[in-house]
Structures are given as structure tokens and as C-alpha cells.
Amino acid sequence: MRIGFHLTPFWSPTERPPTRIIDEAIEVVAAASRMGFAWVSIGQHWLSHPTVWPQPLPMLARLAPETGAMRLKTSVLLLPLLNPVEVAESVATLDHITHGRLDVGVAIGYRELELAAAGLGRADRVPKLEESLELMKALWRGEAVTFKGRYTRVEGGRMGFAPYQTPHPPLEMGAQSEGATRRAARLTDGVFFGPQLGWADVARFAAVFRQ
């Protein structure tokens, strides 16, 4: 068993300056690396007031030198909100910064405010996520890609470099239902169960994922 921790609790209380919040999180993670924790994760939200949510990719890049052998995880990137080409490039860059210690968790998101800011509705979440993963995996192979999707198109584009890990960093998907668990098993390497689930559901969905 490997034990790690999620950074969300360290964003409170929010009356502290954001710089102090981030600096204290860096100190906590550095201490955790010396104590033998296996990984640290950070989630994502947009337009989060009154809560504080530093964006995960730059935050993990800053944490990388402080983490020793710990793995760094996005738990989770709200992939439908994002441009998959930019995510593929940023993940490859961060994978090299961490020397292959990156895990990438993704999920469909749920907040209407965030979806609207990305020009999406709830019905777009699953198809955009699946399309994005397909394109990202193709780009990570390091070959020229022509991709004509519903949301993104690439004509003969090729990334400047592939990720550090082959064929790409381990992928996880957030899930809180049987259908989402099956989607995670079909598309990614692991599953991340949200905190709303009881232990009985976690056991049931874990069995579904393994099956």
C-alpha cells in the first residue's frame, strides 16, 4: 500500500494571501517527502471564489523539486474544459520536469459555471473527454497526427517531444457511478473515486473496474 495525500485542505483558511497559501503548501509537501509519503495530488476548479484553487499544472511544476521520489498527480484535471493539444503539450513538459514521476487524473466536471466558461453544456462533457483522450494519446506517440473531431481538429501536427514515460504518464479517471467506472476502465489505467462514495460503493465499483 502506498499512502499519499491531496492538497485541498491546505487552501483554507482563505483570508491568508494567496502567496502565503502556496508557500505553506510547498513547505508541507517538502516535509511529506522527507516523511516517506508516496504521492501528492491537486485538483482543479475555475472561478472558485470564495475558495482558493491554484491551477494544478504550474503548482505541480513548482512542487517537483521539493518532492524527492514522490509521484505528483492531477486529481483531477477537468479535461472537457481544456484544449487537448495544450494539455498534451503541458503534460509532456511536466513529465520531463518531474523525470517521469507524473500521474494524470482526469474527470468530466460538474459545475455549470465552469462548463459555460468553456462554451460547453453538460451533454458535451463525456464526448469531449473521450475525444480529448483519443487525441492526446495520438499526439503522445510522437508522430504526425491528423485528427478531425467534433471539438478539436489537427492537420498533420506533431509535438516537439514525447512524454518522459512511455507511452505516456499513467492515466486515471474520476468516477462516482458504475458507468463512469466502466469508462475509466475502457480509457485509462486507473480510477479515482470521489469522496461522496461510501465504502460499500467503492468496493463494488473497484470490482467493476478490475473486471
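Values in this document were obtained by computation on a predicted structure and should not be read as measured data.

Draft legend 1. Looking closely at the nonpolar core. Ranked by internal contacts, the top residues of the largest apolar core, which has 48 residues, are L7, L63 and L129. The biggest single contributor to this core is helix α5 (residues 125-140), with 7 residues. Apart from residues lying up to four places away in sequence, L7 is in contact with A25, V29, V40, S41, I42 and L63. With 7 residues, the next largest nonpolar core counts F193, V202, F205 and A206 among its residues.

Draft legend 2. Main features of the packing of helix α6 (residues 178-187) against helix α7 (residues 199-210). For the pair α6 and α7, interaxial distance at closest approach is 8 Å and the crossing angle is 35°. Read as a crossing pair, α6 and α7 show a hand that is right-handed. Across from E178, T181, R182, A184 and A185 in α6, the residues of α7 making contact are R204, F205, V208 and F209. Taken together, the residues of the contact of α6 with α7 sort by class into 5 nonpolar, 1 polar and 3 charged.

Draft legend 3. Up close: the packing of aromatic side chains. Counted under the stated rule, the structure contains 2 aromatic pairs. Judged by centre distance (5.4 Å) and plane angle (80°), the ring pair of F5 and F37 falls under edge-to-face. Placement of F5 in strand β1 (residues 5-6) and of F37 in the loop between α1 (18-35) and β2 (39-42) is noted, with a sequence separation of 32 residues between them. With a relative accessible area of 14%, F5 lands in the buried category. Note on F193 and F205: the rings are 6.3 Å apart at their centroids and 40° apart in plane angle, and the pair reads as tilted. Residue F193 is located in strand β8 (residues 190-193), and its partner F205 is located in helix α7; the two are separated by 12 residues in the primary sequence. Judged by relative accessible area, which is 5%, F205 ranks as buried.

What counts as what
Residues numbered from 1 in each chain as written. Predicted model: local features only at pLDDT ≥ 70, side-chain atom pairs only at ≥ 80, totals over all residues. Heavy atoms only, no water. Core = buried A, V, L, I, M, F, W, Y, C linked by side-chain atoms within 4.5 Å. Buried < 20%, exposed > 50% of the residue type's maximum accessible area, 1.4 Å probe, protein only. Helix = DSSP H or I, 4+ residues; strand = E, 2+ residues; numbered from the N terminus. Contact = heavy atoms within 4.5 Å. Axes fitted to C-alpha atoms, helices over the stretch in contact; angles between N-to-C directions. Left-handed = near helix turned anticlockwise from the far one by under 90°. Nonpolar A, V, L, I, M, F, W, Y, C, P; charged D, E, K, R; others polar. Phe/Tyr/Trp six-rings, centres within 6.5 Å; stacked < 30°, edge-to-face > 60°.

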